[in-house]
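# Observations on the three-dimensional arrangement
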Amino acid sequence: MLNNRIFLPEIQIFIRANLHADLHSLLLKKSPFQEVSMPEIVQQIKGWQVAAKKFPFMLHDGIFFPAGLSLEQSSSEATARYKASLAAGKTFADLTSGFGIDAFFLAGNFSEVSLVEQNTELLEIVRHNWGIFGRKAYFINQSAETFLKKVNHRFDWIFLDPARRNAFRKKVFLLEDLSPDILQLQGLMKEKADNIMVKLSPLIDISYLVHTLENIAEIHIIAVKNEVKDLLVIMQKDGVANTKIVSINLESNEPAFSFLFGEEKEAVAEYSEAQRFLYIPNNGVLKSGFFNGLAAQFSLRKLHPNTHLYTSDQKLDSFPGRILEVEKVHPKALIRGSKWNIISKNYPLKPDILRKKYHLQDGGSRYLVFTEDKSGKIILASR
């Protein structure tokens, strides 16, 4: 249960003074306060540390942070804001609200909000924190399944973030292994909502989703600074002609990128030796599997059927990824001890091995790309 004594001024001063302390060392010490234990204090310090990186809006007096796993599984503020840009209406229900980061931003677009969470303590924490921000909602201590069966009205939007760990805390990815089971719930969710948004692991296969779930209107691949964080599925109650795939790289200057599922099978790529500019797709685009289609859509040429790198003589600034001006170099031209960021794509050796082989240092502003084009194995150096 939430221990309100943690908010005593002297305890809050202690927490702020130890935000950069070693938490393992703190846990070995006795609490200087009778009102709270050291594990309770460390839990709040850990919460402040995580919030500073993932959701800084929570760095607010009076906020209570839950245990580590709930923090670990919470969305970042950046990805939550993006989700909120996709949904609006009158009524909204989060069926697995957890620590409530996604719900906090989504709820701002609705006049009536229901937060469903089967963990009583976690729901109490969210109720407390939302009160700090002056946010209102119906806080419902039930499982998603129970809530859907009992509720007697429809929602404009339902949000679901199923647990990705089993009873043994091992990560799971297949839809039927998640909790709650989306496959069993999808029919009931469509009875109770016009639109359904589901947050999934970035490791799940897109083709598997399209062929398993019903009426998928959109799939959003959400990356932050080129690290894919979430796969977001949007389903509608009515039939969908085709699924739109969107890739977004937040906190970057790269444009969003989209296509229709199935276009990759129809796309034909042209191939070329490396030209003046090299295009390296961001990880969200790579996750999408839109390789030949990418070349066709941007009028670029691929280096090789198995090399997802692209090239052109004229620079294309709208490409969703890194763009390098490059030239071919011979291995003997590499200067021993010079600094390079090494990229290995469709090449037999990994960057660490290549760095040792050619006696190169890591870092600097230049790139060495070890890859293969239609002429064979090549090395490209950025200018």
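Read on for an overview of the structure.

About the cut-offs
- Residues numbered from 1 in each chain as written.
- Predicted model: local features only at pLDDT ≥ 70, side-chain atom pairs only at ≥ 80, totals over all residues.
- Heavy atoms only, no water.
- Salt bridge = Lys/Arg side-chain N within 4 Å of Asp/Glu carboxyl O.
- Helix = DSSP H or I, 4+ residues; strand = E, 2+ residues; numbered from the N terminus.
- Buried < 20%, exposed > 50% of the residue type's maximum accessible area, 1.4 Å probe, protein only.
- Phe/Tyr/Trp six-rings, centres within 6.5 Å; stacked < 30°, edge-to-face > 60°.
- Lys NZ or Arg CZ within 6 Å of the ring centre and 35° of its normal.

### With respect to the pattern of salt bridges
Counted under the stated rule, the structure contains 20 salt bridges. The closest approach of N and O atoms between K83 and D102, which form a salt bridge, is 3.1 Å. Of this pair, K83 sits in helix 5 (residues 77-84) while D102 sits in helix 6 (residues 101-107), placing them 19 residues apart in sequence. The pair formed by K83 and D102 is uniform in burial state, with each residue classed as buried.

### Digging into the packing of aromatic side chains
Here the distance between the centres and the angle between the planes together describe a pair of aromatic rings. Inspection of every chain in the model, using the stated rule, returns 23 aromatic pairs. Seen in terms of ring centroids, W130 and F139 are 6.2 Å apart; in terms of plane orientation they differ by 85°. Their pairing is edge-to-face. Relative accessible area serves as the criterion here: at 3%, W130 is assigned to the buried category. Between F259 and F290, the aromatic rings sit 3.9 Å apart at their centres with planes inclined by 5°, giving stacked as the arrangement. Here the residue F259 occupies a position in strand 9 (residues 257-260), and F290 occupies one in the loop between helix 12 (283-288) and helix 13 (292-298), the gap between them amounting to 31 residues. Each member of the pair F259 and F290 is classed as buried. An aromatic cluster of three or more residues is present, and its members are F257, F259, Y279, F290, F298, Y310 and F319. The positively charged end of R135 is found above the aromatic ring belonging to F104, 4.0 Å away from the centroid. In this structure, R135 is placed above the aromatic ring of W130, and the distance from its NZ or CZ to the ring centre is 6.0 Å.

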